[in-house]
Amino acid sequence: MVQHLLVLLPRGDAQSLTVDWIGRAMLHNQDVYPDPFSFRPERFLKDGHIDKSVKDPAHACFGFGRRICPGRYMAFSAVWIAVASLIAVFDMKKAVDEDGRPIEPNHEYVSALVCIPKPYPCSITPRSRDAERLIRSNANVDIL
Ligand code: HEM
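Residues numbered from 1 in each chain as written. Predicted model: local features only at pLDDT ≥ 70, side-chain atom pairs only at ≥ 80, totals over all residues.

**Section: the overall build of the chain**
In plain terms, the rule: For the purposes of this entry, the term helix denotes a DSSP run of H or I that reaches at least four residues, the term strand denotes a run of E that reaches at least two, and both are numbered from the N terminus. Residues with at least 20 neighbouring C-beta atoms inside 10 Å of their own are called buried, those with 12 or fewer are called exposed, and the rest are partly exposed, where every C-beta is derived from the backbone. Residue pairs are scored as contacts if the distance between their C-beta atoms, which are placed from the backbone, is within 7 Å.
For the chain, the helix and strand inventory stands at four helices and six strands. For the chain, the succession of helices and strands along the chain, N to C, is α-α-β-β-α-β-β-β-β-α. The 144 residues of the chain split such that 1% are buried. Once local pairs closer than 6 in sequence are excluded, the contacts in the chain between residues at least 24 apart make up 43%.

Here it is in structure tokens:
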């Protein structure tokens, strides 16, 4: 189906936009990813390991064929390094209300060129004094 659409389309921006749209539709196919609009990273896990029976989103998120994103390896590495660095030094938890009960994130998104979560309360603190020293030595930020 996708291949047939691509053959019919002229090359250029229109095709590139359509390819992005097809990729988005594929990544929200509820037969492949049930409840596709919910943030459920555990959908990719089974018994604590990657579940290989769940299709890897990389099959569609970078486009296809000769116009496939040439920055995909850099993108993967950059996201990996960013997430690993944050997890290494910060403890990230749900915020708590005045009674100490965890506040569930609302899982609402701003729909724009890139889909990002709407602001929600959370607790992000350095994991240790050493982690705090490392963070302060690398960034000019105030940690409350
Ligand atoms: C998570 C990050 C990224 C995503 C999801 C992404 C996704 C995409 C998609 C869907 C396309 C269209 C492919 C097509 O038309 O079939 C594309 C094209 C492109 N991307 Fe990325 N990309 C990302 C990061 C990057 C980075 C880091 C670079 C460069 C350092 C980059 C450079 C390009 C270029 C130059 C094209 C045009 C390729 C062409 O038309 O021949 N992208 N990207």
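**Thoughts on helix α3 (residues 72–89)**
Cut-off, in case you're wondering: Each helix should span, by expectation, one fewer than its residue count multiplied by 1.5 Å.
Between the first and last C-alpha of α3 there are 26 Å, a value that for 18 residues agrees with the 26 Å anticipated at 1.5 Å per step. Counting buried positions over the 18 residues of α3 gives zero, only a small fraction of the element.

**Thoughts on the UniProt feature "binding site: heme" (unreviewed entry) in the chain**
Heads up, the rule is: UniProt positions are given in the numbering used here, feature names are shortened, and annotations may be inferred rather than shown by experiment.
Taken from the UniProt record, the annotation "binding site: heme" (unreviewed entry) applies to Cys69. Its 14 C-beta neighbours within 10 Å are what place Cys69 among the partly exposed residues. Those residues in contact with Cys69, other than ones at most four positions away along the chain, are Phe62 and Gly63.

**Here's the deal with the pairing of strand β3 (residues 90–94)**
So the rule is basically this: Strands are treated as partners if at least two bridges between them are detected by DSSP.
Of all five residues in β3, zero are buried; the element is thus mostly exposed. When β3 meets strand β6 (residues 122–126), the two strands line up antiparallel, connected through five bridges. What sits directly across from Phe90, in β6, is Pro126.

**Observations regarding the UniProt feature "transmembrane region" (unreviewed entry) in the chain**
When the UniProt feature table is mapped onto this chain numbering, "transmembrane region" (unreviewed entry) sits at residues 73–92. Counted over residues 73–92, helix gives 85% and strand 15%. Its end C-alpha atoms are 27 Å apart.

**Brief notes about the environment of Asn138**
Assignment of secondary structure puts Asn138 in helix α4 (residues 129–138). Judged by C-beta crowding, with 10 C-beta atoms within 10 Å, Asn138 ranks as exposed. Along the backbone, Asn138 and Arg24 are 114 residues apart, and their C-alpha atoms lie at a distance of 36 Å.

**Focus: unusual backbone geometry**
With glycine set apart, most residues show a phi of negative sign, and most peptide bonds adopt trans. The backbone phi angle of Asp35 is positive, close to 55°, even though this residue is not glycine. As for its position among the elements, Asp35 is in the loop between α2 (13–27) and β1 (45–46). We classify Asp35 as exposed; it has 9 C-beta atoms within 10 Å. Phi is positive for Asp47, close to 50°, though the residue is something other than glycine. With respect to the helices and strands, Asp47 occurs in the loop between β1 and β2 (49–50).

**Concerning the confidence of the model for the chain**
Inclusion rule: Confidence of the predictor at the level of single residues is captured by pLDDT, which takes values from 0 to 100.
When pLDDT is averaged across the chain, the result is 84; 83% of the residues are at 70 or more. Note on the complex model: pTM 0.75, ipTM 0.96.

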